[in-house]
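# A closer look at the structure
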Amino acid sequence: MTSVERPLPEHDRIQAVREASNWSESLLFTAHDSANNVSVWAHWSRIPSRPHIWEGVLAVYLPDGELLLHRSFGSSADEQAASTGPLSFTCTAPLEKWTLSFDGMARRTDTATVTAIPLADGAWEPVQVSATFVGSAPTWSARGMESQEWGDGHLEQPGSITGSVTFGDLVIPLETAGFRDHSYGPRDYAKVSGDTWVTGVFPSGRAVLALQVWTGSEPDAPKFAVGFVDDVDGRHPVTALTLPRLESTDGGPQTFDAVVVTDKEEILIGIEQTHRSNFTFDSPVGMTLGSRTDADDIVVTESPARLRWNDEVTDGWVEKTFRFPS
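Residues numbered from 1 in each chain as written. Predicted model: local features only at pLDDT ≥ 70, side-chain atom pairs only at ≥ 80, totals over all residues. Heavy atoms only, no water.

## A word on the packing of aromatic side chains
Following the criterion strictly, the structure yields 9 aromatic pairs and no others. Note on F322 and F324: the rings are 4.8 Å apart at their centroids and 75 degrees apart in plane angle, and the pair reads as edge-to-face. Cluster of aromatic residues (ring-pair linked, three or more members): F29, W44, F89 and W98. Across from the ring centre of W309, 3.9 Å away, lies the NZ or CZ of R206, which sits over that ring. Cation over ring: R235 sits above F228, and NZ or CZ is 4.0 Å from the ring centre. (Phe/Tyr/Trp six-rings, centres within 6.5 Å; stacked < 30°, edge-to-face > 60°. Lys NZ or Arg CZ within 6 Å of the ring centre and 35° of its normal.)

## A short note on the environment of W214
Relative to the elements of secondary structure, W214 occurs in strand β13 (residues 207–215). The exposure class assigned to W214 is buried, which follows from its relative accessible area of 3%. Taking the C-alpha atoms as reference, W214 lies 5.9 Å from D195; in sequence the two are 19 residues apart. (Helix = DSSP H or I, 4+ residues; strand = E, 2+ residues; numbered from the N terminus. Buried < 20%, exposed > 50% of the residue type's maximum accessible area, 1.4 Å probe, protein only.)

## Notes on empty space enclosed by the protein
Counted according to the given criterion, the structure contains 3 cavities of 30 Å³ or more. Considering only enclosed or pocket space, the largest cavity measures out at about 240 Å³ in volume. The wall of the largest cavity is formed by 18 residues, among which R187, Y189, W197, F281 and E319 lie closest to the centre. When residues of the lining of the largest cavity are traced back to their parent elements, those giving at least two are β1 (23–33), β2 (38–47), β11 (170–186), β12 (192–201) and β13. In terms of residue count, the dominant contributor to the lining of the largest cavity is β12 (3 residues). (1 Å grid on protein atoms, 1.4 Å probe; cavity = no way out; pocket = protein on both sides within 12 Å on 5 of 7 lines; lining within 4 Å. Points joined across faces, edges and corners; volume = space filled by probe spheres on them.)

## Regarding the pattern of salt bridges
Evaluated as defined, the whole model comprises 14 salt bridges. A salt bridge links R180 to D12; its shortest N-O distance comes to 2.7 Å. Of this pair, R180 sits in strand β11 while D12 sits in helix α1 (residues 9–12), and the two are 168 residues apart along the sequence. A salt bridge links D230 to R235, with the shortest nitrogen-to-oxygen separation between them at 2.7 Å. Among the residues examined, R235 registers a relative accessible area of 23% and is labelled partly exposed. Here the salt bridges do not stand alone but share partners, grouping E55, R71, D282, R292 and D297 into one network. (Salt bridge = Lys/Arg side-chain N within 4 Å of Asp/Glu carboxyl O.)

## Side note on the environment of G234
Within the fold, G234 resides in strand β15 (residues 234–242). Here the alpha-carbon distance between G234 and R206, two residues 28 residues apart in the chain, equals 9.3 Å.

## Let's talk about the layout of surface pockets
In this model, the largest pocket occupies a volume close to 160 Å³. As for the largest pocket, its lining consists of H32, D33, S34, N37, V38, S39, Y61, L62, P63, T274, H275 and P304. Those elements that place two or more of their residues in the lining of the largest pocket are β1 and β2. Class assignment for the residues of the lining of the largest pocket results in 5 nonpolar, 6 polar and 1 charged. (Nonpolar A, V, L, I, M, F, W, Y, C, P; charged D, E, K, R; others polar.)

## Details of the nonpolar core
Counting residues in each nonpolar core, the largest one holds 31 residues, and the members touching the most others are W41, L69, F279 and M287. Of all the secondary-structure elements, those providing two or more residues to this core are β3 (50–61), β4 (66–75), β12, β13, β14 (224–231), β18 (277–281), β19 (287–289) and β20 (298–309). When residues in this core are grouped by element, the largest group, 4 residues, is from β13. Discounting residues that sit within four places of it in the chain, L69 has contacts with L58, A59, A106, R107, T109, V114, L119, W124, S277 and L289. Within the second largest apolar cluster, 30 residues are counted, among which are L87, C91, V165 and F167. (Core = buried A, V, L, I, M, F, W, Y, C linked by side-chain atoms within 4.5 Å. Contact = heavy atoms within 4.5 Å.)

Written out as C-alpha cells, the structure is:
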C-alpha cells in the first residue's frame, strides 16, 4: 500500500478546512540530539468540531528522565502555520522547509510520573524552542490510505534540524537529523488499537521510516505496514515489517530489532529507546499529557532512540501505542 508518487507543493501546505465528519489535520516534528543531551517532540492537530482551532503539544526531553511538557489551544493568524499562539509550525517552503517556534510555559516532570498518571497542574516555567527543518530527501507520500481511520493524506520527510532550546540560564543547541509528518482527512483515534513507528536518518544519508498499525476487531494481526528506505540506490518502499507491539504503559520493549523488508533487501535495524514521554489519545482527536488507564484508553509512548544499521549508528525516534482492554 505504498507508492513512489511525488506529492505536489499544495499537498504539503497547511490545508483549507474541509466540511467532513471528523476531518482534521495534524503535523509532527521529531528531533533527537544525543550529543547535546536534548530531544524535542511536537504535535499539532485541528479540533474536528472546531477545525480553525489547533491543539499543540510539546515535549522537551532532558537528562535523567526529566521532561518539559506543554499543551495549548488556539487559532492561527497565519494560514500557513499550525499555531496555538505560543507553539507554531510554519510551512516556509512546502516539501522543503518548515520552522518550529515555541515561546511559552512548560510543566517540568519526569518519565515515571507521566507513565503512572495524567500530568497534574503545578509550577510552570518559561521555555523557548526554535528549530528549522530542511528536507534532506524528497517528501514521501503514502497514497491509497483511504480505508484506514486516521487520515487519507499522509506525508513524511527526513531532514536536517538546527535550532536551540532555552530554559532557566541554559541555551542548548539543537543540531541533528529528524523527521516531520503531515497528515489530514477524517480521523478518529477511537478506532486505532495500536501502532509502532520507527524513523531515523543515518550519517551516510540512508534513512528509514517503518510504520505498522493495528486496528479493528483482530488487534493481534497488523492491518497494514507502510514506509520506505533511502540508500545510495534511491528510495525503496517497505513491503513487510516485523516490529514489536506495545503491551503496557512502560514503553517496552526498550530494546528490539526492526526487520524491514523492501523490494531490494531485508534490513535488520537494532533499536534502543533512551528516554520516554507518555500521552493519552482523546476522542476523536487530542493528546492528554500523561497516562490514563481506564478501559479503552490509548496510551502513546514517544521515545528518542539509538538506531544501528550494520556499522552505522544514529539518533532516531520510536512511537508505540497501547489500548487498554475494555
